[in-house]
Amino acid sequence: MDLNILWFILVTVLFIGFFFLEGFDYGVGILLPFLGKNDTERRVVINTIGPVWDGNEVWLITAGGASFAAFPNWYATLFSGFYLALFLILLGLIVRGVAFEFRSSDRNPAWRNLWDWMIFGGSFVSALLWGVAVTNLLQGVPIDANMQYVGTFFDLLSPYTLAGGLTTLLVFTLHGALFLTLKTEGEMEERARAIAGKTGALAIPVVLLLAILTYTRTDLFSKTGAAVVFLASAAFLVLAWLLLRAGKNGWAFIANSLTIVLFTVSMFWALFPRLMVSSLSPEWSLTIYNASSSPYTLKVMTVVALTMVPIVLLYQAWTYWVFRHRVTAKELHY
Amino acid sequence: MTELLLARWQFGITSVYHFLFVPLTLGLSVLVAIMHTIYVRTGNETYKKMTKFWGKLFLINFAMGVVTGIVQEFHFGMNWSEYSRFVGDIFGAPLAIEALLAFFLESTFLGIWIFGWDKLPKKLHALSIWMVAVGSNLSALWILIANSFMQQPVGYAIRNGRAEMTDFFALITNPHVFYQFPHTVLGGYVTAAFFVIGISAYHLLRKNHPDFFRRSFKIGLVFGLVSIILVTAVGHFQAQYLVKAQPMKMAAAEAHWETADPAAFAVVAAVDEKNQTNTFEIAIPRMLSFLSYNSFSGEVKGLKDLQAEAEAKYGPGNYIPPVTSVFWSFRIMVAAGAWLVLMAFVSLYLWKSGQLEAKPLALKALFWSIPVPYIANSTGWYLAEVGRQPWMVYGLQKVESAVSPSVSTGEILTTLIGFTLVYGILAVLDLYLLVKFIKQGPEETPVSIDLGTSGKEVSLWT
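So, how was this worked out
- Residues numbered from 1 in each chain as written.
- Chains lettered and ligands numbered in written order.
- Predicted model: local features only at pLDDT ≥ 70, side-chain atom pairs only at ≥ 80, totals over all residues.
- Heavy atoms only, no water.
- Domains from an automatic or database assignment.
- Contact = heavy atoms within 4.5 Å.
- Buried area = accessible area lost by both parts, 1.4 Å probe.
- Salt bridge = Lys/Arg side-chain N within 4 Å of Asp/Glu carboxyl O.
- Polar contact = N/O pair within 3.5 Å; in protein donor to acceptor, adjacent residues only side chain to side chain.
- Helix = DSSP H or I, 4+ residues; strand = E, 2+ residues; numbered from the N terminus.
- Phe/Tyr/Trp six-rings, centres within 6.5 Å; stacked < 30°, edge-to-face > 60°.
- Buried < 20%, exposed > 50% of the residue type's maximum accessible area, 1.4 Å probe, protein only.
- Lys NZ or Arg CZ within 6 Å of the ring centre and 35° of its normal.

Peer 1: Explain the domain arrangement of chain B here, please?
Peer 2: In many analyses, interface size is given as the accessible surface area lost on bringing the parts together. Residues and elements named next belong to chain B. Here the domain parsing of chain B yields domain 1 (2-246 + 324-461) and domain 2 (247-321). Taking the mean C-alpha position of each, domain 1 and domain 2 sit 31 Å from one another. Counting residues at the interface gives 26 residues for domain 1, matched by 25 residues for domain 2. Of the roughly 2,100 Å² buried at the junction of domain 1 and domain 2 (both faces included), carbon and sulfur atoms supply 60%. Between Glu254 and Arg331 there is a salt bridge whose closest N-O contact spans 2.6 Å. The interface formed by domain 1 and domain 2 includes 13 residue pairs in polar contact (both at pLDDT 80 or more). Here the element with the most residues in the side of domain 1 that touches domain 2 is helix α7 (residues 210-245); it accounts for seven residues.

Peer 1: So what exactly am I meant to see when it comes to unusual backbone geometry here?
Peer 2: Backbone phi values are negative for most residues with the exception of glycine, while trans is the configuration of most peptide bonds. Cis geometry marks the peptide bond from A:Phe272 to A:Pro273, where omega comes out at 0 degrees. Among the structural elements, A:Pro273 can be located in the loop between α10 (249-271) and β1 (274-276). Residues B:Asp261 and B:Pro262 are joined by a peptide bond in cis, for which omega reads -5 degrees. A positive phi is found at B:Ala255, a non-glycine position, where the angle reads about 45 degrees. With respect to the helices and strands, B:Ala255 occurs in the loop between α8 (247-253) and β3 (265-272).

Peer 1: Help me out: how do you make sense of the packing of aromatic side chains in this one?
Peer 2: The tally for this structure, following the rule as stated, stands at 69 aromatic pairs over all chains. Considering the side-chain rings of A:Phe79 and B:Phe74, the 4.9 Å spacing of their centres and the 10 degrees angle between planes classify their relative orientation as stacked. With one member in each of two chains, A:Phe79 in helix α4 (residues 72-81) and B:Phe74 in helix α2 (residues 45-79) form a pair that bridges those chains. Comparing A:Phe79 with B:Phe74, the two get one shared label, buried. Look at B:Tyr83 and B:Phe91: their rings are 5.2 Å apart centre to centre, the planes differ by 75 degrees, and that puts the pair in the edge-to-face class. By relative accessible area, which is 0% here, B:Tyr83 ends up buried. Here a set of aromatic residues connected by ring pairs shows up, and it is made of A:Phe8, A:Phe15, A:Phe18, A:Phe19, A:Tyr26, A:Trp130, A:Phe172, A:Phe268 and A:Phe272. Taking NZ or CZ as reference, A:Arg324 lies 3.8 Å from the ring centre of A:Trp321, over its face. For the cation-ring pair, B:Lys436 lies above B:Phe437, with the distance from its terminal atom to the ring centre recorded as 5.0 Å.

Structure (structure tokens):
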């Protein structure tokens, strides 16, 4: 296997890690104003992700850094092309990041309420736009022979990509709700369960719509592997919902996690060996070969990644172990 | 052309803004880790309070550093796509390594540290803030390895119209890093030290929690003294190095137009960039030669000759950076540094002779010195980055060919206004919170949680 393929897989893994981990952070953020009926409750909700959200976000930074290092032309075309969409995501991340720190720094209820809505807004916009972005990679955007994006912001919005956005929005929200059923107890757990059920019921038809549009708008289903994984991803969503209804919250969380993981896998699988499809000409698509770094750089980065990623996984897993207990109002410190 | 100008403004604003928060993070993480360690070793509750008080200020600042840093990373692809294509083979690597090696460490252990009180064994808990400090400082190393490549490209070959990495080891042992990294990081330590000293002085002046702030002051002072001496020394050697490595930058920093041996040092000058001369200057004879080579003779090339050399090498064009602003930014940085050296030694004397708290003027001066390192940091970066103009990558790519062709003026303007607006609002809120917690002092627990589930938010505060 050449290093270009290895790096394609590594970048995919980083995005899987990001969507899986940050997915429930977004979900918890989106549900925050609705599940927390008073300040203490909102603290409980925030504290479920408090110790980990920042580390989770680094998956994105690393995915960005890795795409820069391994596929600089992809990084350049993607970020200059999806310019305003990325700007909105960045604003979301900025507002949300400071909100976690700022909200607890003043006791004025209006202040706290404001930042809670900022957490909501930042999470909502990001969760939506990631779906729009990923589906655009596959659907194809106007890229010319010089790897330059020649469209506008509105070229990124189509029924298919909006369905993609709604999918990530709902699936991440469900992910957050299921996460909360595992990290809280009593009334909060019940509320999270109830909202997870509703979100799941909404997500299933949206994913069905996405599947149809994926079939008509992209070439995903022309690849058997990607198609199977995609359908499995949708099936796990239904399964998650059924498991939730059967009262098996933990299993539901795992099933929905698989939805996210498999969805990401299917998208990248369908892309492979392309990184970004050109809607103007198939020859102008960015691939893991024409967008990549030199073999030397890929080799250096491979050594670095293969030593560092396992270590990172170890200490991040340890964090989850340290904070494995459910969060209750009685032990709020921070 | 407008795109270029706007993109440059955006880069300037986001970078300077980001670097308002980074230095304090670099230094305060170490100081809080020291305080936490003393607490764990002595069991003295004052140091626990100290860890929490300074830790809270650290966290507010840290959050701002993180969120502005995200923009910093994506920014290269957004506004400088041709730069990213040209050097991605080299530049992307340290950025990715920074995330893998430093950001994960920093943010994961910060979460552990914030929420780990009473959950972790004490020593392990103290270790987590050290991990944060190590992570922050490592991130500085990797981003400066990246920046050093822009200042002094090494370990590369031009192939297929782009710079490709040929020697990773050369990249990370770039001699430029050996000056830039310690100078930047020590600048951060000075920033944090004077932050702690200044705030302690503020409270000592008001006789609030004297024991607490005396101890804080002492830690800040020791840390600050060592750092300010080292940063000044490194800065001197760095300038000497730059005379060789980036002569154009240093000639601009000295507004040194004509090659001379021995060369005089202009303390102040009225620079006339159009006619390439200084209409007025106060100069010390032979001093520039001395500063450059530790010897009172020695040829220091002037801007005009360097321009001619650059034209011969790279073709026609203007290779002289904006002299006036670079000249003054250098002087402001040095003056700020000198002021801090003075304040550090005055504090040491007053502290040692036990007069500190009897000298309100000194305490006030120390408080008002808090912004001075920030001025030095910003002007220092201005010198480093603007002094590199017109180059994006020294000698390899000009700024004008680095900008994204696919991004329109309207788009850059939108994000420029958007980021600036959000940054402006956040700066005000950040300052409000810092001032609030600084004034409040250590007595109150930084964040008080009202237990009980009364359900009515109004009842949670009075």
